[in-house]
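Examining the three-dimensional arrangement
The chain contents come next:
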Amino acid sequence: MEKVWLKHYLPEIPAEIDPDRFNSIAEVFDYAVKTFGDRPAYTCMGVTITYKQLDAYACQFASFLQQRGLKRGDHIALQMPNLLQYPVCVFGAFRAGLVVVNVNPLYTPREMEHQLSDSQSKAIVIDSMFASKLDEIRAQLPGLKHIVVADFGCLFPPLKRAVVGLVLKYVQKKVPAYRLPGHVTLPNALKAGCTRSHELVHLQGHDLAFIQYTGGTTGVSKGAMLTHRNLVANMEQAGAYLGPSFTAGREVMITALPLYHIYALTVNCLMMTRLGGHQILIPNPRDLKGFIKEMAKHPFTVMTAVNTLYNGLLSQPEFCALDFSTLKVASAGGMALQRAVALKFEEVTGRKVCEGFGLTEASPITHSNPPWGENRIGTVGLPMPSTEVRLVDDAGNDVPQGERGEIWIKGPQVMKGYFNRPDETAKTLTPDGWLMTGDIGLMQPDGYFQIVDRKKEMIVVSGFKVFPNEVEDVLTQHPGIHEAAVIGVPDEHSGEAVMAFIVKKDPALTEAVVRDYIHHNFTGYKRPKYIEFRTELPKSNVGKILRRPLREAELARIAAGGS
């Protein structure tokens, strides 16, 4: 496909970037520390650390990991919200040569067990609010040898740390009791790391940086292997594309999206490090009032969010009253940006939201609307530098201009493959390196792309992927359920919501019982919002349950005014 989109690039934006400018994320971090050392790197709940302080903590953590016998290439899981300890542990792990496995803090014990076992994690850093869930599954994880527990405020000054700890544990009761013999607290780990310097590890571009879990394009939960070169390339791509809008060392970014999610991980945690930016961490963006109060304290220049978060903020008078005079770039990803939300944001702030597109397997950014040019609502903008795009039919042939096709991506940001799943890798990566996204797109004549449909039946709830196979599998493990089918239906708040159709095995089964079962087996965004009992489900001639007729019937009912 001819790169007609390059005609929209400003003269200073390169068509190609150098993905080998830095050997690793650790080298990018070194550059940031040397260049922006005394500048603030992160602020959380009024506590700020500079790049030099962040580096000191990271070096201590790296030393601790090496003292515990962890070696280059070992896997370490991180399970925490947006707190100061997250970047400390990420950059410390890289200094020790480890591979990071991000784990959603809201996962149920079942979901945690799968990911920690599948990723072969040897160590974990977990917030104490979620340690009780690890306690439940500890016996099933013999390979998990090292546990570090990080209290919510463990890097705050002593008095603030004590107050926050007391409130969380005894007032809000958010820290259930747990027993994890042999665990180390993060402050003690850092103290142990002070006893000697860590051994330098020289990482290369082909070394793994993250095993980032996703359902991928084929619906089975698996870990995308993202190398240092993948992430460095995506940082360079985004930095070059957005560069005309930024001033190195001067940007202040609101970081409300969770850093364990690939979108914020690359755009916020990593790209802002490259630019020497100052990030304002929001541990709980669901508390919109507290979130907005924090925004009011800082002259922010950049923010990232998903459609639902922008929509929630715009519903608050306090947000609409903020001073947006310093805001340069507002970016949206993870799910489709609704036109009404985009227009309302522009009305309130005087700035446009730049919607982009990507996926975990591409580190994740492949497209974005430009903040320096035409921001075309309803599209995901233009491809990044050094990114090739094809639109193909079911046979893998390029479709004519103006026709819809599955989006295939090729570039230095495309993953190495899925961890220990060569069969799944072969379904997603072609032998010559094209990533088959599973999304159906359309390219406008001048190079702007639209996402028009999904090839697979993945559901996206507030930017998070939900895969029907997983939900159906767990539902049918309930003794009272005979069969289940799961689809996505439109939802004004989360983009899509999960709907489950259930055939009972036990006639006495009630919706209340099913909801209780769901609550204990799924994190929030995976839980079916709607449940409908059926006497039978549509099936193919070989007995396969067919979801499409269910979805089509539900969409028709909604269109006809059903509730």
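A short tour of the structure in this document, coming up. Along each chain, the written sequence defines residue order, and numbers are assigned to residues from 1. Given that this is a predicted model, residues contribute local features only at a pLDDT of at least 70 and side-chain atom pairs are listed and counted only at 80 or more, while totals for whole chains, interfaces and linings are drawn from all residues. Hydrogens and water molecules were not included; the side-chain quantities draw on all heavy atoms of the structure.

1. A word on the overall build of the protein
To qualify as a helix, a DSSP run of H or I must reach at least 4 residues; to qualify as a strand, a run of E must reach at least 2; elements of each kind are numbered from the N terminus. Secondary structure summary: the protein contains 17 helices and 26 strands in total. Its C-alpha atoms give the protein principal-axis dimensions of roughly 70 × 60 × 50 Å. Per-residue burial for the protein yields a buried fraction of 59% across its 563 residues. Whether two residues are in contact is decided by their heavy atoms: any pair within 4.5 Å suffices. The long-range fraction of contacts in the protein, counting pairs at least 24 apart against all pairs at least 6 apart in sequence, stands at 70%. In the structure as shown, the protein presents an accessible area of about 22900 Å², 53% of it carried by carbon and sulfur atoms. As used throughout, the charge tally considers Lys and Arg to be positive and Asp and Glu to be negative, leaving His and the chain termini uncounted. Each charge is placed at NZ for Lys, CZ for Arg, CG for Asp and CD for Glu. Computing the positive centroid from 60 side-chain charges and the negative centroid from 57, the protein places the two 6 Å apart. Any residue under 20% of the maximum accessible area for its type is buried, any over 50% is exposed, and the rest in between are partly exposed; the area is computed with a 1.4 Å probe on protein chains only. Per-residue and other accessible areas were derived by the Shrake-Rupley procedure at a 1.4 Å probe size, with only the shown protein chains allowed to occlude residues.

2. Focus on helix H16 (residues 511-521)
Because the α-helix completes a turn every 3.6 residues, residues three or four places apart line up on one side. Within H16, burial applies to Val514, Tyr517, Ile518 and Asn521. Each buried residue of H16 sits inside an arc of 100 degrees when the element is viewed along its axis, so together they form one side. With respect to the buried face of H16, the exposed residues turned more than 90 degrees away are Ala512 and His520. Looking at the buried residues of H16, the elements they touch are helix H4 (109-118), helix H15 (468-475), strand E25 (495-504) and strand E26 (530-534). The arc in question is the one traced by the directions running from the helix axis out to the C-beta atoms.

3. With respect to the packing of aromatic side chains
Geometry of an aromatic ring pair is reported as the spacing of the ring centres plus the angle between the planes. Note on ring pairs: Phe, Tyr and Trp rings are taken, using the six-membered ring of Trp, and paired if centres are within 6.5 Å. Classes follow the plane angle, with under 30 degrees stacked, over 60 edge-to-face and the rest tilted. One pass over the structure, following the stated rule, counts 15 aromatic pairs. Here the aromatic rings of Phe94 and Phe210 are separated by 5.4 Å at their centres, their planes lie at 85 degrees, and the arrangement is edge-to-face. Of this pair, Phe94 sits in helix H3 (residues 85-95) while Phe210 sits in strand E8 (residues 208-214), and the two are 116 residues apart along the sequence. Pair check on accessibility: Phe94 and Phe210 agree, each one buried.

4. Observations regarding the pairing of strand E10 (residues 252-255)
Neither face of E10 is left uncovered, since the one carrying Val252 and Ile254 and the one carrying Met253 and Thr255 both have all their residues buried. Pairing between strands is defined by DSSP: at least two bridges between the two strands are required. Pairing of E10 with strand E11 (residues 278-281), which is carried by four bridges, proceeds in the parallel orientation. Across the sheet, Met253 pairs through a bridge with Gln279, a residue of E11. With three bridges connecting them, E10 and strand E12 (residues 302-305) associate as parallel partners. Residue pairing in the sheet places Thr255 in a bridge with Thr304 of E12.

5. Let's talk about the pairing of strand E1 (residues 40-44)
Across a regular strand the side chains alternate sides, sitting on one face of the sheet and then on the other. In terms of residue burial, E1 counts as a mostly covered element, since four of its five residues are buried. Two successive antiparallel strands, E1 and strand E2 (residues 47-50), enclose a turn made up of two residues, where Met45 displays a positive phi of approximately 50 degrees. As paired elements, E1 and E11 share three bridges and run parallel to each other. Bridge pairing in E11 links Thr43 to Ile280.

6. What to know about the sheet that holds strand E14 (residues 353-358)
Spatially, the nine strands line up as an open sheet ordered E2-E1-E11-E10-E12-E13-E14-E15-E16, and their pairing is mixed. A single partner strand is all that each edge strand has here, and the edge strands are E2 and strand E16 (382-383).

7. Some points on the sheet that holds strand E24 (residues 481-491)
The strand order across the open sheet built from three strands is E24-E25-E26, with neighbouring strands paired in mixed fashion. With partners counted over all chains shown, the strands left at the sheet margins are E24 and E26, one partner each. For this sheet, the mean angle separating the axes of adjacent strands, direction not counted, is 25 degrees. Note that E25 and E26 share five bridges and pair parallel. Residue pairing for E26: Phe501 is matched across the bridge by Glu532. Axes here refer to lines fitted to C-alpha atoms; in helices the fit is confined to the stretch in contact. Angles between the N-to-C directions go from 0 to 180 degrees.

8. A look at the side chain of Thr523
Looking at the element boundaries, Thr523 is found in the loop between H16 and E26. Sequence-distant contacts of Thr523, that is, excluding residues within four places in its chain, are made with Leu106, Tyr107, Thr108 and Glu111.

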